[in-house]
Protein chains: 2
Amino acid sequence: MRKVFQAELHQIGEELTQISELVTEAMQKATAAFEGADTELAQDVIAADARIDFLQNDLDERAIDVLALQGPVASDLRMIVGSLRMSASLERMGDLARHIAQLARLRYPEHVVPEPMVETFSEMARLDIRISELLSELLETRNLELSNDIYACNNRINELHAGVFKAIASPEWNVSAVSTVDLTLASRYFERFADHGVSVTRKVNYLVTGEWQPMSESSR
Amino acid sequence: MRKVFQAELHQIGEELTQISELVTEAMQKATAAFEGADTELAQDVIAADARIDFLQNDLDERAIDVLALQGPVASDLRMIVGSLRMSASLERMGDLARHIAQLARLRYPEHVVPEPMVETFSEMARLDIRISELLSELLETRNLELSNDIYACNNRINELHAGVFKAIASPEWNVSAVSTVDLTLASRYFERFADHGVSVTRKVNYLVTGEWQPMSESSR
C-alpha cells in the first residue's frame with residue numbers, strides 16, 4: 001500500500017513538472033508571436049492551452065483519488081492539497097500566455113508594442129520565461145536555492161510594470177488609445193504570470209520546510 | 001464520529017458564506033469609493049481585505065484538518081476539495097474589490113471615471129455587487145435556480161467590458177492616456193470579479209448535481 005502511495009505522489013509531482021514545462025513552451029511561443037507579430041505561432045499557443053487545462057484536470061482527479069483511497073495525513077496530505085493549488089496557478093499561467101498570444105493575433109499584421117517600448121516588453125518576456133523555467137526545475141529538484149532567482153525576476157518585472165505606467169503618464173506619450181490599452185493589458189498579463197510563479201514557489205518552499213516565508217507587498 | 005463530521009462540513013459551508021458576504025461588502029464599499037472619489041471608504045476596503053485573507057486561510061486549515069482526521073470519501077471529499085477552490089476564488093474577488101478601491105485612492109481627489117463612461121462603470125459595479133449577493137444566497141441555500149441570474153449578470157458585464165474597449169477605439173475618444181489606463185484596468189477588474197463569481201457558481205452546481213455544465217467561451 002505504502003509503495004503504491006509513494007508511486008502516486010511521485011506521479012502527481014511529475015505531472016506538475018510536465019504542466020510547468022508546457023507553460024514555459026506556451027510563454028516562449030506567445031512572446032515570440034507577440035514580439036514578431038506571428039499569427040500562426042499565436043494560434044499554436046491558443047490551441048495548445050487546452051492540453052494544459054486537460055492535464056490540470058487530470059492531476060486534480062488523480063489527487064482526489066489519492067485522498068479517497070489512501071487517506072493521507074500530515075505532510076503527504078499537505079503535499080496533495082498543495083498540488084491542487086499549484087496546478088491551479090500553473091493553469092492560470094497558461095491562460096495568461098494565451099492572452100498574450102491573443103493580443104498578438106488581434107493586432108496582426110501590426111505589432112502590439114510600439115518602437116519605444118520594445119525593449120521593456122522584451123525584458124518582461126525574457127523574465128517570465130526564466131521564471132517558468134526555474135519553476136520547472138524547482139518542482140523537479142525541490143532545490144529551494146532557485147527561489148531567490150524567481151523572486152528577483154518577479155521584482156524586476158514589477159519595476160518594469162510600474163515603468164510602463166510611468167511612460168504612459170509622461171507628457172511625451174504619443175501612442176494611440178487602442179495601443180495604450182493593449183500595453184496596459186499586456187503589462188498586466190506579464191506581471192500576473194510572474195506573480196503566479198511566485199505563488200507556486202512559495203508553496204514549494206512551504207511544503208519542503210513547513211514554514212511560510214514573509215511576502216513582500218509588491219508581490220501581491 | 002459522523003455527527004462531528006457533519007458539523008465540520010456545516011462549519012466549512014458557513015465560513016464560505018461568511019467570506020462571500022464580506023466580499024459583497026468589500027465590493028459595495030469599493031464601488032462607492034470608486035464612483036464617489038471617497039478615499040476614506042477606499043481605505044476601509046483595503047484594510048478589511050486582510051480579514052478575508054485570514055478567513056480563507058482559516059477555512060483551508062479547517063478543511064485540511066477534516067481531510068486528515070475524518071478521511072472523507074465520495075461526495076463529502078469533493079465538497080471539501082471544492083471548498084478549497086471556492087475559497088481561493090472568493091479571496092481573489094476580495095483582492096479585485098481592493099484593486100478598485102486602490103484605483104479610487106490613487107486618483108483622489110479626482111474621479112477615476114470621466115463623465116461619458118460613468119453610466120457604464122456604474123452598471124458594472126451594480127452587476128458585480130448583484131453577483132456577489134446571489135453567490136452568498138447560492139452558497140447558503142444551494143438553490144441552483146439562482147445560477148442563471150449570475151450567468152446573466154456575467155454576460156452583461158462581458159458586453160459592457162467589450163463596450164469600454166469599443167469606446168476607447170472610437171475616433172471621439174479624447175480622454176488622457178493615464179485615464180485610459182485606469183479605465184482599462186478597472187474594466188478588467190470588474191470583469192474578472194464576475195468571472196470568479198461564475199467559477200464558484202459552476203463549482204456549487206457541480207457539487208450538488210455531480211455534473212459539469214458546459215462553459216461558454218465568453219466566460220473564460
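Rules and cut-offs
Residues numbered from 1 in each chain as written. Chains lettered and ligands numbered in written order. Predicted model: local features only at pLDDT ≥ 70, side-chain atom pairs only at ≥ 80, totals over all residues. Heavy atoms only, no water. UniProt positions renumbered as here; feature names shortened; annotations may be inferred. Contact = heavy atoms within 4.5 Å. Buried area = accessible area lost by both parts, 1.4 Å probe. Salt bridge = Lys/Arg side-chain N within 4 Å of Asp/Glu carboxyl O. Polar contact = N/O pair within 3.5 Å; in protein donor to acceptor, adjacent residues only side chain to side chain. Helix = DSSP H or I, 4+ residues; strand = E, 2+ residues; numbered from the N terminus. Nonpolar A, V, L, I, M, F, W, Y, C, P; charged D, E, K, R; others polar. Axes fitted to C-alpha atoms, helices over the stretch in contact; angles between N-to-C directions. Parallel < 35°, antiparallel > 145°, perpendicular 65-115°, else oblique. Left-handed = near helix turned anticlockwise from the far one by under 90°. Least-squares fit on C-alpha atoms with pLDDT ≥ 70 in both. Buried < 20%, exposed > 50% of the residue type's maximum accessible area, 1.4 Å probe, protein only.

An unreviewed UniProt entry lists chain A under the name Phosphate-specific transport system accessory protein PhoU, with Arthrobacter gengyunqii as the source organism. Reading the Function (unreviewed entry) entry of the UniProt record for chain A gives the comment "Plays a role in the regulation of phosphate uptake." Word for word, the UniProt comment on chain A under Subcellular location (unreviewed entry) is "Cytoplasm".

## Concerning the interface of chain A and chain B
Contacts between the two partners involve 36 residues from chain A, matched on the other side by 35 residues from chain B. For the pair chain A and chain B, the summed buried surface comes to about 2900 Å²; carbon and sulfur atoms form 57% of the total. Between Glu61(A) and Arg78(B) there is a salt bridge, with the nearest N and O atoms lying 3.0 Å from each other. Joining chain A to chain B, the criterion identifies six residue pairs in polar contact (both at pLDDT 80 or more). If you tally residues by element for the side of chain A that touches chain B, the top one is helix α3 (residues 74-107) of chain A, at 12 residues. Among the residues forming the side of chain A that touches chain B, the class breakdown is 18 nonpolar, five polar and 13 charged.

## A short note on the packing of helix α4 (residues 118-141) of chain B against helix α5 (residues 146-169) of chain B
All names here are of chain B. Here α4 crosses α5 at 160°, and the two axes come no closer than 9 Å. With respect to each other, α4 and α5 are oriented roughly antiparallel. Like other packed secondary-structure pairs, α4 and α5 cross with a definite hand, here left-handed. Residues of the contact of α4 with α5, tallied by class, amount to 13 nonpolar, five polar and six charged.

## A look at the relation of the copies chain A and chain B
When chain A is fitted onto chain B, the two copies agree to an RMSD of 0.0 Å after a turn of 180° and an axial shift of 0.0 Å. Both copies are brought into coincidence by an operation consistent with a two-fold rotation axis. For chain A, the minimum C-alpha distance to the rotation axis belongs to Gly71(A) and amounts to 2.7 Å. Both copies share a contact surface, since 97% of the interface residues of chain A are interface residues in chain B too.

## Topic: the pattern of salt bridges
Close approach of charged atoms allows side chains with opposite charge to pair. Residues and elements named next belong to chain A. For the structure shown, the criterion picks out 30 salt bridges over all chains. The partner of Arg98 in a salt bridge is Asp49, with the nearest N and O atoms 2.7 Å apart. Of this pair, Arg98 sits in helix α3 while Asp49 sits in helix α2 (residues 39-70), placing them 49 residues apart in sequence. Asp49 shares its class with Arg98; the two are buried. Between Arg188 and Glu191 there is a salt bridge; the shortest N-O distance is 3.6 Å. Taken as a pair, Arg188 and Glu191 lie in helix α6 (residues 177-209) at a separation of three residues, close to a single helical turn.

## Some points on the UniProt feature "domain: PhoU" (unreviewed entry) in chain A
Residue and element names in this part refer to chain A. The UniProt record annotates "domain: PhoU" (unreviewed entry) at residues 17-103 and 122-202. In the segment residues 17-103, helix accounts for 94% and strand for 0%; the C-alpha atoms at its two ends are 27 Å apart. When the span residues 122-202 is considered, its composition is 86% helix and 0% strand, and the gap between its end C-alpha atoms is 26 Å.

## Comments concerning the environment of Gln43(B)
Looking at the element boundaries, Gln43(B) is found in helix α2 (residues 39-70). Gln43(B) sits 58 residues away from Ala101(B) along the chain, and the two C-alpha atoms are 7.3 Å apart.

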